Amino acid sequence: MMALPGGCHLDSITLPGQRLHLMQVDSVQRWMEDLKLMTECECMCVLQAKPISLEEDAQGDLILAGGPSPGDPLQLLLKRGWVISTELRRIGQKLAQDRWARVHSMSVRLTCHARSMVSEYSTVSRSSSQEMGQIEKLLMEKCSELSAVTERCLQVENEHVLKSMKACVSETLSTLGQHFGQLLELALTREVQALVRKIDASDNIYTTESTTGNLFSLTQEGAPLCRIIAKEGGVVALFKVCRQDSFRCLYPQALRTLASICCVEEGVHQLEKVDGVLCLANILTDDSHSEATRAEAAAVVAQVTSPHLPVTQHLSSFLESMEEIVTALVKLCQEASSGEVFLLASAALANITFFDTMACEMLLQLNAIRVLLEACSDKQRVDTPYTRDQIVTILANMSVLEQCASDIIQENGVQLIMGMLSEKPRSGTPAEVAACERVQQKAAVTLARLSRDPDVAREAVRLSCMSRLIELCRSPSERNSSDAVLVACLVSFQKKDKNLCALLPWLLFWYIEGCSA
């Protein structure tokens, strides 16, 4: 993770099927590239008569990225920026431990990296704005100040004096980090502007493909860069690509990049301004587009309707095209040739059911319950807890409608939903465990809501649903140790038969006893 001092972070986004992070390279190649930077820093330390630390953790502190490719300013900024942000963080850690020798040696190394970044970027960019020049000067001044003050601290033995000097070092380090963050943001903004202009002006398919690929790589560095791209016209340029028939083969790549940019509010605002929803609706409803293209369009819809983005509630243009989009997404779920396509389409539908209650009524009319429940028995389309999470989310939101209960009984849905109460992670990764917890919780909520209908309640009892709910309440391992699942099960248990509510205190007692054990 690259941290922009001042609160920004450049994170890799963890999504199923995510491309490899650009910092992940072959270990031998990485080591050979590191030699160049390691040598530079060691030579600089010797030239300045600074000893190279022999402390036991010195090697662990020297975390360097491979040298950037010649003439590639983006790679240079990202890799050097990652190195410098790592050094800043580690200096702060050593400062908190009062390890002054390490703080000083790392400050000298930080100065080397900052000087290299400024020098190399000036070489490849060939020009610099006055504002960047001023920040570069301030950055290098603070680097020199940090090295000087940490060197003086090595000579001080009085604890009271060191304490006051520590506050000075901390302030200098904070200011240095702010200057570095400002410089990195300015430089990245400049490179993004160049990429956007290139996409906007290009009529060459190969140039557009290459430039869009570079823009996508930047989006994988986290929300700060996505905000920069949105601000500098990246959304406008990409939708321009998606409206040109000559670039049809580039639609999937452009849409994938748009989905990444729209993880921030600035991206959604820009999408609204350029009638992006209408463009997405046209792509989804046009069967002449490939399945891959329509799946990527579904991914953009899923992103812009995410309940985690408050701005999506104000997408007025989405309501105008919602019926067309929902119809196209149900069809895409029904015809999906792979689990990834089904996941993207169902995720979009799940988010839309949060976006507007009319969507649930549309889904009923489109027989979406049958489509979703039939897909549950197709391992090619539904084979992960992430996909089942989307399906049960849609069912939970639709279950508030009275007609939903009869449709679910007709499609043998109660048994399928009960099966979701037994969802278990295969790999044990935190993301998969969390997905399984959501599936169990939402399955219990769905059963609770559907149990308003006597037929559903009787069917659930016939299928021994009560036994499973009791088991989930009593055994933390069965519910992946989730309290949210416990609460949902208790509510569902209560809805099944109010005459059995006397057992609820015992279930709570078992839970409390388990917690205190």
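Look up: the structure comes first, before these words.
Quick caveat: nothing in here was measured; it's all calculated off a predicted structure.

Rules of the game
- Residues numbered from 1 in each chain as written.
- Predicted model: local features only at pLDDT ≥ 70, side-chain atom pairs only at ≥ 80, totals over all residues.
- Heavy atoms only, no water.
- Helix = DSSP H or I, 4+ residues; strand = E, 2+ residues; numbered from the N terminus.
- Buried < 20%, exposed > 50% of the residue type's maximum accessible area, 1.4 Å probe, protein only.
- Contact = heavy atoms within 4.5 Å.
- Axes fitted to C-alpha atoms, helices over the stretch in contact; angles between N-to-C directions.
- Parallel < 35°, antiparallel > 145°, perpendicular 65-115°, else oblique.
- Left-handed = near helix turned anticlockwise from the far one by under 90°.
- Nonpolar A, V, L, I, M, F, W, Y, C, P; charged D, E, K, R; others polar.
- Core = buried A, V, L, I, M, F, W, Y, C linked by side-chain atoms within 4.5 Å.
- Domains from an automatic or database assignment.
- 1 Å grid on protein atoms, 1.4 Å probe; cavity = no way out; pocket = protein on both sides within 12 Å on 5 of 7 lines; lining within 4 Å.
- Points joined across faces, edges and corners; volume = space filled by probe spheres on them.
- Phe/Tyr/Trp six-rings, centres within 6.5 Å; stacked < 30°, edge-to-face > 60°.
- Expected span 1.5 Å × (residues − 1).
- Disulfide = S-S within 2.5 Å.
- Salt bridge = Lys/Arg side-chain N within 4 Å of Asp/Glu carboxyl O.

Caption draft 1: The arrangement of the overall build of the protein in detail. Scanning the protein for helices and strands turns up 25 helices and 2 strands. With 517 residues in all, the protein has 51% of them scored as buried. Pairs at least 24 residues apart make up 74% of the contacts formed inside the protein by residues separated by at least 6 positions.

Caption draft 2: Spotlight on the packing of helix α6 (residues 159-201) against helix α8 (residues 223-231). Across the interface, α6 lies against α8 with an axial gap of 10 Å and an inter-helix angle of 50 degrees. On the basis of their axis angle, the class for α6 and α8 is oblique. The element α6 and its partner α8 pack so that their crossing is right-handed. Residues Glu185, Leu188, Thr189 and Val192 of α6 lie in contact with α8, whose contacting residues are Leu225, Ile228 and Ile229. When its residues are assigned to classes, the contact of α6 with α8 shows 5 nonpolar, 1 polar and 1 charged.

Caption draft 3: Here's a closer look at the nonpolar core. Residues Leu255, Leu271, Val301, Phe318, Ile325, Leu329 and Ile352 are the most contacted members of the largest nonpolar core, which totals 140 residues. Examining the composition of this core, we find that 14 residues originate from one element, α6, more than from any other. Composition of this core by domain shows at least three residues from each of domain 1 (73-186) and domain 2 (394-516). The contact partners of isoleucine 352, leaving out residues within four places of it in the chain, are Val301, Thr305, Phe318, Met322, Ile325, Val326, Leu329 and Ala359.

Caption draft 4: Expanded view of empty space enclosed by the protein. Going through the model one piece at a time under the given rule, you end up with 1 cavity of 30 Å³ or more. Taken as a whole, the largest cavity spans an internal volume of roughly 40 Å³. Contributing to the lining of the largest cavity are Leu77, Met117, Val118, Tyr121, Met132, Glu136, Leu183 and Ala187. At the level of secondary structure, the elements contributing two or more residues to the lining of the largest cavity comprise α4 (100-125), α5 (130-155) and α6.

Caption draft 5: Spatial organisation of the packing of aromatic side chains. Across all of its chains, the model carries 1 aromatic pair by this definition. Plain terms: the ring middles of phenylalanine 318 and phenylalanine 355 are 5.0 Å apart, the flat faces sit at 75 degrees to each other, and that makes the pair edge-to-face. Separated by 37 residues along the polypeptide, phenylalanine 318 in helix α14 (residues 316-335) and phenylalanine 355 in helix α15 (residues 339-355) bring together distant segments of the chain. For phenylalanine 318, a relative accessible area of 1% corresponds to the buried category. Of the residues examined, phenylalanine 355 reaches a relative accessible area of 9% and is grouped as buried.

Caption draft 6: Region of interest: helix α18 (residues 385-398). Here α18 spans 20 Å end to end across 14 residues, near enough to the 20 Å set by a 1.5 Å rise per residue. Counted residue by residue, α18 has 13 buried out of 14 residues, so it is predominantly covered.

Caption draft 7: Region of the structure containing unusual backbone geometry. Even without being glycine, aspartate 98 reaches a positive phi, approximately 60 degrees. By the element assignment, aspartate 98 lies in the loop between α3 (73-96) and α4. Residues other than glycine seldom take positive phi values, yet aspartate 275 does so here, at roughly 55 degrees. Within the secondary structure layout, aspartate 275 lies in the loop between α11 (265-273) and α12 (276-285). Relative accessible area serves as the criterion here: at 44%, aspartate 275 is assigned to the partly exposed category.

Caption draft 8: Structural view of the state of the cysteines. Within this structure, the stated rule accounts for 0 disulfides. With no disulfide of its own, cysteine 143 has cysteine 112 as its nearest cysteine by sulfur position, at a separation of 9.6 Å. The exposure class of cysteine 143 is buried, given its relative accessible area of 1%. With no disulfide of its own, cysteine 263 lies closest to cysteine 226 among cysteine sulfurs, the gap being 4.0 Å.

Caption draft 9: Expanded view of the pattern of salt bridges. All told, the structure shown has 19 salt bridges when counted by the stated rule. When the shortest N-O distance is used, the salt bridge between arginine 248 and aspartate 245 registers 3.7 Å. Looking at arginine 248, the relative accessible area reads 30%, which means it is partly exposed. The residue arginine 468 makes a salt bridge to glutamate 478 at a minimum N-O spacing of 2.9 Å. Highlighted residues: arginine 468 in helix α23 (residues 465-474) and glutamate 478 in the loop between α23 and α24 (483-496), separated in sequence by 10 residues. For arginine 468, a relative accessible area of 10% translates into the label buried. Beyond isolated ion pairs, a larger network of salt bridges with shared partners links Asp245, Arg248 and Asp286.

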